[in-house]
Amino acid sequence: MHLKDPICAVATPPGKGAIGVVRLSGKGALEIGARVFRGKDPRGMKGGRFTLGHLVDPRTGEAIDQALLLVFRAPRSYTGEDLLEFHLHGSPAVLRRAVEALLAAGARMAGPGEFTLRAYLNGKMDLAQAEAVLALIEAEGELARRQALRGLEGALSRRIEALQGKLLDLLAHVQALLDYPEEGVEPHEAATVIREALGEVEGLLAQARASALAQRGARLALIGAPNAGKSSLLNALLGYERALVSPIPGTTRDYLEAPLELFGIPLVAVDTAGVRETEDPIERAGVERALRIAEEADLVLYLADSSAPRPTPPPLPPRTIYVATKADLPPLWEDPRYLRVSSLTGEGLLALKARIREALLGEGGEGGVFLSDRQKEALLRAKERLEEALTLPEDLMGLALEEAVQALNALLGRDVTEEVVDRVFRNFCVGK
Ligand SMILES: Nc1nc2c(c(=O)[nH]1)N(C=O)[C@@H](CNc1ccc(C(=O)N[C@@H](CCC(=O)O)C(=O)O)cc1)CN2
Ligand SMILES: Nc1nc2c(ncn2[C@@H]2O[C@H](COP(=O)(O)OP(=O)(O)OP(=O)(O)O)[C@@H](O)[C@H]2O)c(=O)[nH]1
Ligand SMILES: [Mg+2]
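These numbers come from a predicted model, not from an experiment.

Colleague: Sorry, what's going on with the overall build of the protein chain here?
Modeller: When helices and strands are counted, the protein chain shows 13 helices and 13 strands. For 432 residues, the compact-globule estimate of 2.2 N^0.38 gives 22 Å, and the C-alpha radius of gyration of the protein chain, at 29 Å, exceeds that figure by more than 25%. When its C-alpha atoms are laid out on the principal axes, the protein chain stretches across 80 × 80 × 35 Å. Counting across all 432 residues of the protein chain, residues that qualify as buried make up 40%. Considering only contacts in the protein chain between residues 6 or more positions apart, those separated by 24 or more positions represent 59%.

Colleague: Which parts of the structure should I look at to understand helix 11 (residues 373-390)?
Modeller: Within an α-helix, residues lying three or four positions from one another point in the same direction, as the helix has 3.6 residues per turn. Over its 18 residues, helix 11 runs 26 Å from end to end, which matches the ideal 26 Å to within 8%, given 1.5 Å per residue. Inspection of helix 11 places Gln375, Ala378, Leu379, Ala382, Arg385, Leu386 and Ala389 among the buried residues, and these make up the whole buried set. The arc enclosing the buried residues of helix 11, seen along the axis, measures out at 125°, which places them on a common side.

Colleague: Help me out: how do you make sense of the sheet that holds strand 10 (residues 265-271) in this one?
Modeller: By definition, the strands of a sheet pair up through backbone hydrogen bonds, in either a parallel or an antiparallel sense. Strand order across the open sheet formed by 6 strands is 9-10-8-11-12-13, with mixed pairing between neighbours. Since the sheet does not close on itself, it has two edges, and those belong to strand 9 (256-262) and strand 13 (339-340), each with one partner. As defined by bridge partners, strand 11 (residues 299-305) adjoins strand 12 (residues 320-325) across 6 bridges and the pair is classed as parallel. Bridge pairing links Leu303 to Val323 in strand 12. Contacts from helix 10 (residues 349-361) reach strand 8 (218-224), strand 9, strand 10, strand 11, strand 12 and strand 13, with the element oriented near 170° to strand 12.

Colleague: Would you mind going over the pairing of strand 11 with me for this structure?
Modeller: On any regular strand, side chains alternate: one points to one face of the sheet, the next to the other face. By the criterion of burial, strand 11 is predominantly enclosed, with 6 of the 7 residues buried. Examined bridge by bridge, strand 8 and strand 11 share 5 bridges and lie parallel to one another. Counterpart to Leu222 in the pairing with strand 11 is Leu301.

Colleague: Hey, could you run me through helix 3 (residues 114-121) in this one?
Modeller: By the criterion of burial, helix 3 is predominantly enclosed, with 7 of the 8 residues buried. Taken residue by residue, helix 3 has Glu114, Phe115, Thr116, Leu117, Arg118, Ala119 and Tyr120 as its buried positions. For helix 3, the elements touching its buried residues are strand 1 (7-10), strand 2 (17-25), helix 4 (127-138) and helix 13 (418-425). Where helix 3 ends, the next residue or the one after it, Gly123, has phi of about 75°, a positive value.

Colleague: Would you take a moment to explain the UniProt feature "binding site: K(+)" (unreviewed entry) in the protein chain for this structure?
Modeller: Within this numbering scheme, the UniProt entry marks Asn227, Ser246, Ile248 and Thr251 as carrying the feature "binding site: K(+)" (unreviewed entry). Taken along the chain, the residues just named run across 25 residues; in space they keep tight, none of their C-alpha pairs more than 8.0 Å apart. Structurally, Ser246 can be placed in the loop between helix 8 (230-238) and strand 9. A count of 11 C-beta atoms within 10 Å places Ser246 in the exposed class. Relative to the helices and strands, Thr251 resides in the loop between helix 8 and strand 9. On the neighbour-count criterion, Thr251 (16 C-beta atoms within 10 Å) is partly exposed. Thr251 has contacts with Ser231, Leu244, Val245 and Ser246, leaving out every residue within four places of it along the chain.

Colleague: Hey, could you run me through the environment of Ala93 in this one?
Modeller: Structurally, Ala93 can be placed in helix 2 (residues 92-104). As for Ala93 and Val323, which are separated by 230 residues in sequence, their C-alpha atoms are 56 Å apart.

Colleague: Would you mind going over the pairing of strand 10 with me for this structure?
Modeller: Counting buried positions along strand 10 yields 6 of 7 residues, so the element is predominantly enclosed. Both strand 8 and strand 10 contribute to a ladder of 5 bridges, which runs parallel. Looking at strand 10, one finds that Leu220 is bridged to Ala269. Relative to strand 10, strand 9 runs antiparallel, the two being bridged by 7 bridges. Looking across to strand 10, one finds that Pro259 is bridged to Val268.

Colleague: What is the right way to look at the packing of helix 6 (residues 155-179) against helix 12 (residues 398-412) in this model?
Modeller: Between two packed helices, the angle of one axis relative to the other and the distance separating the axes together describe the packing. Look at helix 6 against helix 12: their axes get within 10 Å of each other, and the N-to-C directions meet at 160°. Comparing the axis directions of helix 6 and helix 12 gives the class roughly antiparallel. Considering how the two elements wind past one another, helix 6 and helix 12 form a crossing that is left-handed. In contact with Ser157, Ile160, Leu163, Gln164, Leu167, Leu168, Leu170, Leu171, Val174 and Gln175 of helix 6, helix 12 contributes Gly398, Leu401, Glu402, Ala404, Val405, Leu408, Leu411 and Leu412. Residue classes in the contact of helix 6 with helix 12 are distributed as 13 nonpolar, 4 polar and 1 charged.

Calculation criteria
- Residues numbered from 1 in each chain as written.
- Chains lettered and ligands numbered in written order.
- Predicted model: local features only at pLDDT ≥ 70, side-chain atom pairs only at ≥ 80, totals over all residues.
- Helix = DSSP H or I, 4+ residues; strand = E, 2+ residues; numbered from the N terminus.
- Rg over C-alpha atoms; globule rule 2.2 N^0.38 Å.
- Buried ≥ 20, exposed ≤ 12 C-beta atoms within 10 Å, placed from the backbone.
- Contact = placed C-beta atoms within 7 Å.
- Expected span 1.5 Å × (residues − 1).
- Arc of directions from axis to C-beta.
- Pairing = 2+ DSSP bridges.
- Axes fitted to C-alpha atoms, helices over the stretch in contact; angles between N-to-C directions.
- UniProt positions renumbered as here; feature names shortened; annotations may be inferred.
- Parallel < 35°, antiparallel > 145°, perpendicular 65-115°, else oblique.
- Left-handed = near helix turned anticlockwise from the far one by under 90°.
- Nonpolar A, V, L, I, M, F, W, Y, C, P; charged D, E, K, R; others polar.

Okay, structure coming up:
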C-alpha cells in the first residue's frame, strides 16, 4: 500500500544543536505548512525557495520559534512529493513543539525511513540506492563513506542494469532459437556472455566482502613474546603514546584496545600481554587472554624481536602477518616471511600498513561500492542460476537466465514483495 498522506518528523539527531530540521512531506503539505507558518504563504512559493518567518502553534497562534522554511514542489523533492523543511533552532523544546504543531495541523508522524521509502516508491531511487542512504548515515570510516556515496549515486545500480541488459539480449536470442531452430546461434557465444556475466557478479561479491569490512571494521591483535615490542608498535601505529613501554619483560599485563583508522577502515588494535611460560597466576591469565584475542581477531600481527634469539611462535591463526621488530638494531636472525619494522625509526611501518590493508581488503578495495547483505544474497542467487545456465544447452537455458535477471531485479528492488521493502526500511531512523 502506497500512502501519500502528509508525514512529519525531526530530521536532525536528538539533543541540542545549532539548527534542528523538521520535514513535512505528502499531499496537503503546503496547506499544513500554511497553518503553522507565519510569514510568506508556502502555497504561493515556487519550489526550491526559502523564506524566514515564524513557526506557530495552529491552535493558538503562539510563536514556537523563528523558522527558515524551504519549499520543494512535487515531483522535484527528495520524496518526489510536496515537501517542506522547517529549519529551527536545534532545541529539544522547540522541536517537540514543532512536531506537535504539525500533528495538530493535520500531519501524522513518519515511520522509520518513510521519507526515503517514498523516494523509492516514487522512483527517485531504487532499493539499492535507498540502502546506500542508510549505509552513508551509518558510515564511520572514510572507506565506508566513499562506498556508500557511490552506491547512493547509482554506481552499483548502473552496473547491475548493464549486466541485466546483456543477459536479456542473450535471453531474447535463446528464445528466438526455440521459435526458429533452423536459424541457429553460435553455441560458444552464449557461454562467453554467461562467463562474462559471472565474472562481473564475482567481482561484485568480492566488493561485498570489502564493503562489510568497511562498515563493521576489524580487530587487529598484536601478539608475541614479552619485550617483542608490541606496545611500541601499537603506539607507532596510533601515532601517540597509548600503551606503557618499558625494557622490563611483562610490562603489559592485561590487553588494551585502541581505535584507529587505516586507509579509511575503522580498526580496533589490541595490545596484549607477552606470551611465555610463567608461574605467576595473573600473568598466566593475561597470556591466556592474549591467545584467545588472537584467535578471535580478524587479523593478527605476530611480533618477534630480531635483535634477540629467535622465539618459537605459539599456535597462530592463518590470518597472521609476521613482523620482525627492532629493525634498527643488528639482527640475530633473518627470515623472508617476516616484515622488518622499527617502531623507533618508523622503518617498515608503511609496508606493514600496506600489508594490513591487503590482508583485510584484498586487491580491489579502493574502487568499491557499498553492498548490503541483502544485495549480496541476490548476487549469490544470480551466480547460482548463471552457473546452472552454463551447464545447459542453449535451447534449455532460458529459465535459468530469466531467474538470474529476476535475482538482479530484486537487488534493485523491482518486483519485490512488500515484506522485502519493509525489512530494508525497518533499519532506518524516523526522519530519514
Ligand atoms: N536540508 C536538506 N539537506 C540535505 C537533504 C535534505 O533532504 N534536506 N538530503 C536528503 O537526504 C541530502 C541531499 N539530498 C537531496 C536529494 C534530492 C533532493 C531534491 O529535492 N531533489 C529534487 C530536485 C533537485 C533540484 O532542485 O535540482 C529532484 O530530484 O527532483 C534534495 C536533497 C543531504 N542534505
Ligand atoms: N631499538 C628499538 N627498541 C625498541 C623498539 N621497539 C621496542 N623497543 C624497546 O623494547 C622494549 C620493550 O618494548 P615494549 O613495546 O614494551 O614491548 P612489549 O612487547 O609490549 O612487551 P611486554 O608488554 O612486556 O610484553 C622497550 O625498551 C622498547 O623501548 C624498536 O623498534 N627499536
Ligand atoms: Mg607491552
